[in-house]
Amino acid sequence: MLFAVRMQVDLPDMDPNARRDLLREEREYSQELQRGGEWVHIWRVAGSYANISVFDVTDGDRLHEILWNLPLFPYMSIEVTPLATHPSDIRAG
Ligand SMILES: O=C(O)CC1=CCC(=O)O1
């Protein structure tokens, strides 16, 4: 199942080393899922500390598990949009 996910990040003031470590953990976690094929796209939302990502996962439970375990999850607002095939998509056959 494909899902589009918008993640808005709102980090509180924190120790600079803790912030650096947190962002490194987030990048490593995200890149591992990208290499595994479940995190298909990640795009920065221009002008905002947010991203729009596309996930290809078995079901909503798996997406929830991925999002819940994001190191930045406590500092994010997340919107999930399930995706379906568009009838005008020339690749859909
Ligand atoms: O910077 C962001 O948009 C938050 C984020 C999610 C995965 C990642 O590597 O950064």
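Whatever comes next refers back to the structure up there.
Our subject in this report is the structure included herewith. What you are looking at is a predicted structure, and each value in this text was computed from that prediction instead of being measured.

Notes on the environment of Leu70
In step 1: For Leu70, the position within the fold is in the loop between helix H2 (60-68) and strand S4 (76-82).
In step 2: Distance in space between the C-alpha atoms of Leu70 and Gly47 is 22 Å, their sequence separation being 23 residues.
In step 3: Each residue touching Leu70, except ones within four places of it in the same chain, is listed here: Met7, Glu26, Tyr29, Trp39, Met76 and Ile78.

Overview of the nonpolar core
In step 1: Residues Val5, Met7, Phe55, Leu63 and Leu67 are the most contacted members of the largest nonpolar core, which totals 16 residues.
In step 2: Per element, the largest residue contribution to this core is 4 residues, and it comes from strand S1 (residues 2-9).
In step 3: Residues in contact with Leu63, not counting those within four places in the same chain, are Phe3, Val5, Phe55, Val57 and Val80.

Observations regarding the environment of Pro87
In step 1: Note on placement: Pro87 falls in the segment after S4.
In step 2: We classify Pro87 as exposed; its relative accessible area is 78%.
In step 3: Put simply, Pro87 and Ile52 are 35 residues apart on the chain and 23 Å apart in space, counted from C-alpha to C-alpha.

Quick look at the site of the ligand
In step 1: Taken together, the residues surrounding the ligand are Val9, Glu26, Arg27, Ser30, Trp39, Ile42, Arg44, Tyr49, Asn51, Leu72 and Met76.
In step 2: At 2.7 Å from an oxygen atom of the ligand is found a side-chain nitrogen or oxygen belonging to Arg44.
In step 3: Contact between the ligand and Asn51: an oxygen atom at 2.9 Å from a side-chain N or O atom of the residue.
In step 4: Here the ligand has 290 Å² of accessible area as a free molecule, and 87% of this is covered by the chains.
In step 5: Of the pockets mapped on this structure, the ligand occupies the largest pocket.
In step 6: Of the residues assigned to the shell around the ligand, the class counts are 6 nonpolar, 2 polar and 3 charged.

Overview of helix H1 (residues 16-36)
An α-helix turns once every 3.6 residues. As a result, residues three or four positions apart point the same way.
In step 1: Taking 1.5 Å as the rise per residue, H1 with 21 residues should run 30 Å; its terminal C-alpha atoms sit 30 Å apart, in good agreement.
In step 2: Every buried residue belonging to H1 is among Leu22, Glu26, Ser30 and Leu33, and all of these are buried. One side of H1 carries all its buried residues, which in axial view fall inside an arc of 60°. Those residues of H1 that are exposed and aimed more than 90 degrees away from the buried face are Pro16, Glu32 and Arg35.
In step 3: On the buried face of H1, the contacting elements are strand S2 (39-44), H2 and S4.

What counts and how
Along every chain, residues carry numbers that run from 1 in the direction the sequence is written. Only residues with pLDDT of at least 70 get local features here, since the model is predicted, and only at 80 or more are side-chain atom pairs given and counted; chain-wide, interface and lining totals rely on the full set of residues. Hydrogens and waters are ignored; side-chain quantities use all the structure's heavy atoms. Only runs of H or I of at least four residues qualify as helices and only runs of E of at least two qualify as strands under DSSP, and these elements are numbered from the N terminus. Between two residues, a contact is recorded if the distance between any of their heavy atoms is within 4.5 Å. As used in this record, nonpolar core signifies buried Ala, Val, Leu, Ile, Met, Phe, Trp, Tyr and Cys residues forming a set joined through side-chain atoms within 4.5 Å. Exposure is judged per residue with a 1.4 Å probe applied to protein chains only, and the accessible area is read against the type maximum: over 50% gives exposed, under 20% gives buried, and values in between give partly exposed. Nearness is defined per residue: one heavy atom within 4 Å of the molecule or strand is enough. Two N or O atoms form a polar contact when they lie within 3.5 Å of each other; inside protein one atom must be a possible hydrogen donor and the other a possible acceptor, and for residues adjacent in sequence the pair counts only when both atoms belong to side chains. The Shrake-Rupley method, run with a 1.4 Å probe sphere, supplies the accessible areas, and residue values consider only the shown protein chains as cover. Two kinds of site are reported from a 1 Å grid over the protein atoms alone, namely cavities, where a 1.4 Å probe fits but cannot get out, and pockets, open sets with protein on both sides within 12 Å along at least five of seven lines, and residues are called lining when an atom falls within 4 Å of a point. To qualify as sitting in a cavity or pocket, a molecule needs more than half of its atoms within 2 Å of the grid points. Side-chain classes are defined by residue name, with Ala, Val, Leu, Ile, Met, Phe, Trp, Tyr, Cys and Pro counting as nonpolar, Asp, Glu, Lys and Arg as charged, and the others, Gly among them, as polar. What a helix should span is 1.5 Å times the count of its residues minus one. Here the arc refers to the set of directions running from the helix axis out to each C-beta atom.

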